[in-house]
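# Topology and contacts: notes
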2 protein chains.
Amino acid sequence: MARRAPAPTKPSPTDLDARKATILEAVVVEHIRTAQPVGSSSVAATVNLAVSPATVRSEMVTLEREGFLVQPHTSAGRVPTDKGYRFFVDHLKSGVLGSAQQHQVKEFFANVRGEVEDVLEQTSMLLTQLTNYTSVVVGAGHSHSSILSVQLVNLDARHQLLVSVFSDGSVVKHSVMAPFDVTHEEVAEASKQLNALLINTTLESRVQVPSRSDHVATLVREAVSLLHAEKPTTDGEQVFIGGSSRVAEVFQGVETVRKVLSILEQELLVVSLVQDILDQGLSVAIGSENGYEPLSACAVIVAQVTIDGAPAGAVGLLGPTRMKYREALAAAHVVSEHLTRRFGGEEQHG
Amino acid sequence: MARRAPAPTKPSPTDLDARKATILEAVVVEHIRTAQPVGSSSVAATVNLAVSPATVRSEMVTLEREGFLVQPHTSAGRVPTDKGYRFFVDHLKSGVLGSAQQHQVKEFFANVRGEVEDVLEQTSMLLTQLTNYTSVVVGAGHSHSSILSVQLVNLDARHQLLVSVFSDGSVVKHSVMAPFDVTHEEVAEASKQLNALLINTTLESRVQVPSRSDHVATLVREAVSLLHAEKPTTDGEQVFIGGSSRVAEVFQGVETVRKVLSILEQELLVVSLVQDILDQGLSVAIGSENGYEPLSACAVIVAQVTIDGAPAGAVGLLGPTRMKYREALAAAHVVSEHLTRRFGGEEQHG
DNA sequence: TGTTAGCACTCAATTGTACAGAGTGCTAAG
DNA sequence: CTTAGCACTCTGTACAATTGAGTGCTAACA
């Protein structure tokens, strides 16, 4: 559940004998709990291995040599590296949510009302509340939805508004600026033609636009090209980011906070961050794995939402590399499953 | 320009003789520049009063007694209080933008394209770029716009989408859930009736809904009530916040950063913050003046945008109380004027 | 051969002290 | 009213000494 990409056969370099694994795990757990370097005696005490600190120490030397741990300085305890966290996460037995939280999620999904956008936004708040981390909810783009209705509305003689409704319930508007004055009748006619042309097509469909040069035909051409130009920008994807203030509690160091926030400001970037992680087949990206240098102090958890088995958005959580992976993973999965269930079968509405 | 609320007659308690004013101003300027407590000798050196530090000192004692300055501790320099900043801002001769920035603004408004929302969002980025502070752009609600078109679209037998277009170019959608299966014909008929009913009304108009109990009439009633229920929530106001990452650079102290960010997360709250300040007739709210305890370390600058003289949105800047008022005020005003000009006369479009 | 107790060593963090410097308030003289 | 002079207060810094956590190594042991 925590890892999907690597082949099921365990490659030797990332594998460890049982004791090393136990020790590494203990270090990670303890460091997540305390945010402090973890020493050998603390590990020896925590773990049921019944070995002395000295033994732990010599194992830790190996773990450090292999890149799972680092010492901030001589005579300090050890801290996990990204690789250390990766091992930990890969070997994490998937946890379940606390029953109180489980209840909270049920409650939430039983009661949310409103447009899809509202539900997604509130979901991101829910995730933040559950985990105390910054959350991201990405709604599906409508590139695969078919067009249910197109309408051209007159604002004034030169300006029209193209309003398109998609089968996923999304509505998109485009301003049309006519190079000439148009009458209401012409707009109505163009509207009618557009409907005939576009209904039941998707944004990916090719359509045959009229080549005449009269007002109506020009309007129609203009409208179609605006609509089809939609894709390159955002594909109509919607992003909802919740709890960005948590960034300030969770990272120490103003500079880190600033860098992370300024990434979060760029919603398109967040979308591609989430997408990249999913494309790699991961559900957790730790430190440098996420590909954005300013986020090298972060771990990102993602869980896909599907509609009829096809990817249709995702939820994500962003925290420090020493985040509470088990809980956060559980929360992300539970929430994504609820979303999948909600949007999966029935169309959902207020 | 910097102050509008207080009566034009100067009330004595907030007034100071020329020398005290000069000294206070010097302290404020210096503290804004250095973020350090300002000592008497530094003031004596800066100012053209040709007085000794000792004199400055004795004046400062008075200024402190009257609440314009405070000492962080004995034997430290002085720091302005909110009241001190208020005096400073009230007596600020309105500055002008640097010519490079002036140019940048012109350039920007000459080139922005796209929907109103896009323009406003980009404007907030512009403001942040100009000032290095977090910026807020509030778009007008459409409560006073008239309805140009209403359309009911069938998603499936039980679910319809109500799409309304307003004269200000905004589009709003509502999900309608019918308590019975409806046919395409019924939807089309309801759509027609809704148009007849609502076109050229505003959300504040009362309309006569059909009282019959057939499918179409029920749909119409449902749609109208959904549409009219819109207001209490947000009035359709749009908020665009730019540069929230600047919060992390501009305030020291994690706790302050967290508090400010968590206010910024609540967009409705930001809208009312801006509105409150405007309602007080202020263009700057310093520290506790803004009414939100978590923002007591902040100053907020606002400038209204008008359409045909009527209030229609605002731009704002949020920084520390020791923000660069002159520059920020200039930027806010220039930008708000550009917006006013753009939206004021002509309807604007892509 | 793997484990462990013992030990010397390292380094960060803390404490205490001394000192310099910035800035004040007060006073007395101009 | 202004200001020079001065004693005083408080912070910040530098430095040394101390503490303590934690290590690496080695030699003994099972």
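Residues numbered from 1 in each chain as written. Chains lettered and ligands numbered in written order. Predicted model: local features only at pLDDT ≥ 70, side-chain atom pairs only at ≥ 80, totals over all residues. Heavy atoms only, no water.

### A short note on the relation of the copies chain B and chain A
Least-squares fitting of chain B to chain A yields an RMSD of 0.1 Å, with the transformation described by 0.0 Å of translation along the axis and a rotation of 180 degrees. Considering both components of the superposition, the chain copies are consistent with a two-fold axis. Comparing interface residues between copies, 100% of those in chain B also sit at the interface in chain A, which points to an isologous, same-surface contact. (Least-squares fit on C-alpha atoms with pLDDT ≥ 70 in both. Contact = heavy atoms within 4.5 Å.)

### Brief notes about the protein's contact with DNA strand C
Around DNA strand C sit 21 residues in total, of which Arg19, Thr55 and Ser75 of chain A together with Ser40 and Arg78 of chain B are the nearest. In the environment of DNA strand C, a phosphate oxygen lies 2.7 Å from a nitrogen or oxygen atom belonging to the side chain of Arg19 of chain A. Residue Arg57 of chain B places a side-chain N or O atom 3.2 Å away from a base oxygen belonging to DNA strand C. For the surface near DNA strand C, the residue count by class is 6 nonpolar, 11 polar and 4 charged. (Near = heavy atom within 4 Å. Polar contact = N/O pair within 3.5 Å; in protein donor to acceptor, adjacent residues only side chain to side chain. Nonpolar A, V, L, I, M, F, W, Y, C, P; charged D, E, K, R; others polar.)

### Structural notes on the domain arrangement of chain A
All names here are of chain A. For chain A, the domain assignment lists domain 1 (12–90), domain 2 (99–140 + 237–344) and domain 3 (147–234). A straight line from the C-alpha centre of domain 1 to that of domain 2 covers 28 Å. Domain 1 puts 9 residues into the contact, and the matching count from domain 2 is 12 residues. Buried surface at the junction of domain 1 and domain 2, summed over both partners, amounts to about 900 Å²; 60% is from carbon and sulfur atoms. Of all residues in domain 1, Ile32, Asp82 and Arg86 give up the largest surface area on contact with domain 2, accounting jointly for 54% of the area buried on that side. In this structure, the connection of domain 1 to domain 2 is made through 1 salt bridge. Here Glu289 and Arg86 are joined by a salt bridge, their closest N and O atoms 2.6 Å apart. Elements represented by at least two residues in the side of domain 1 that touches domain 2 include exactly helix 1 (18–34) and helix 4 (82–90). Element by element, the count of residues in the side of domain 1 that touches domain 2 is highest for helix 4, at 5 residues. (Domains from an automatic or database assignment. Buried area = accessible area lost by both parts, 1.4 Å probe. Salt bridge = Lys/Arg side-chain N within 4 Å of Asp/Glu carboxyl O. Helix = DSSP H or I, 4+ residues; strand = E, 2+ residues; numbered from the N terminus.)

### Some details on the interface of chain B and chain A
Listed per partner, the contact involves 37 residues of chain B and 37 residues of chain A. The tally of links from chain B across to chain A stands at 4 salt bridges. For Glu249 of chain A, the salt bridge goes to Arg258 of chain B, with nearest N and O atoms at 3.1 Å. Applying the counting criterion to the chain B and chain A interface returns 14 residue pairs in polar contact (both at pLDDT 80 or more). Mapped onto the side of chain B that touches chain A, the elements with two or more residues apiece are strand 4 (147–154), strand 5 (159–166), strand 6 (171–177), helix 10 (246–250) and helix 11 (254–265) of chain B. The leading source of residues in the side of chain B that touches chain A is helix 11 of chain B, at 6 residues. For the side of chain B that touches chain A, the per-class residue count stands at 13 nonpolar, 15 polar and 9 charged.

### Notes on helix 7 (residues 184–198) of chain B
All names here are of chain B. Taking 1.5 Å per residue, 15 residues should reach 21 Å; helix 7 reaches 21 Å between its end C-alpha atoms and fits that length. Buried residues of helix 7: Val187, Ala190, Ser191, Leu194 and Leu198, and no others. Across the axial projection of helix 7, the buried residues extend over an arc of 105 degrees, all falling on one side. Residues of helix 7 that are exposed and point more than 90 degrees away from the buried face comprise Glu185, Lys192 and Ala196. Tucked inside the fold, the buried residues of helix 7 contact strand 4, strand 5 and helix 8 (215–228). Asn200 occupies a position one or two residues after helix 7 and carries a positive phi of about 75 degrees. (Expected span 1.5 Å × (residues − 1). Buried < 20%, exposed > 50% of the residue type's maximum accessible area, 1.4 Å probe, protein only. Arc of directions from axis to C-beta.)

### Some points on the packing of aromatic side chains
Evaluation of the coordinates by the stated rule reveals 8 aromatic pairs over all chains. Their ring planes at 90 degrees and their centres at 4.9 Å tell us that Phe108 of chain B and Phe109 of chain B sit as a pair that is edge-to-face. Like Phe109 of chain B, Phe108 of chain B is buried. Of the aromatic side chains, those joined through ring pairs into one cluster are Tyr85, Phe88 and Tyr325 of chain A. Lying over the aromatic face of Phe68 of chain A, Lys83 of chain A brings its terminal NZ or CZ to 4.6 Å of the ring centre. (Phe/Tyr/Trp six-rings, centres within 6.5 Å; stacked < 30°, edge-to-face > 60°. Lys NZ or Arg CZ within 6 Å of the ring centre and 35° of its normal.)

### What about the confidence of the model for chain A?
All names here are of chain A. Per-residue confidence for chain A gives a mean pLDDT of 90, with 93% of residues at or over 70. Note on residues 1–12: pLDDT is under 50 here. Beyond four places in sequence and across chains, it has 16 contacts. Contacts from residues 346–350, a stretch scored under 50 in pLDDT, to residues over four places away or in other chains number 15 contacts. (pLDDT = per-residue confidence, 0-100.)

### Remarks on the pattern of salt bridges
Residues and elements named next belong to chain A. Overall, the coordinates contain 24 salt bridges over all chains when judged by the stated rule. A salt bridge links Arg212 to Asp214; the shortest N-O distance between them is 3.0 Å. Taken together, the salt bridges that share partners define one network made up of Asp17, Arg19, Lys20 and Glu59.

### Some details on the sheet that holds strand 3 (residues 134–139) of chain A
Residues and elements named next belong to chain A. Read across the sheet, 5 strands follow the order 7-3-10-9-8 without closing on themselves; strand pairing throughout is antiparallel. Two strands lie at the open edges of the sheet, namely strand 7 (238–242) and strand 8 (284–286), each paired on one side alone. Each adjacent strand pair in this sheet contributes to an overall mean axis angle of 15 degrees, direction not counted. As judged from the 3 bridges shared by strand 8 and strand 9 (residues 298–307), these two strands associate in the antiparallel manner. Across the sheet, the residue bridging to Ala285 is Val300, located in strand 9. Helix 13 (residues 325–344) rests against strand 8, strand 9 and strand 10 (310–320) of the sheet, and its axis sits at about 20 degrees to strand 9. (Pairing = 2+ DSSP bridges. Axes fitted to C-alpha atoms, helices over the stretch in contact; angles between N-to-C directions.)

### What to know about the sheet that holds strand 8 (residues 284–286) of chain B
Residues and elements named next belong to chain B. Judged by pairing direction, the sheet is antiparallel, and its 5 strands sit side by side in the order 7-3-10-9-8 without closing on themselves. Each of the sheet's edge strands pairs with one partner strand only, and the pair in question is strand 7 (238–242) and strand 8. Here the strands of the sheet are splayed against their neighbours by 15 degrees on average, with no regard to which way each runs.

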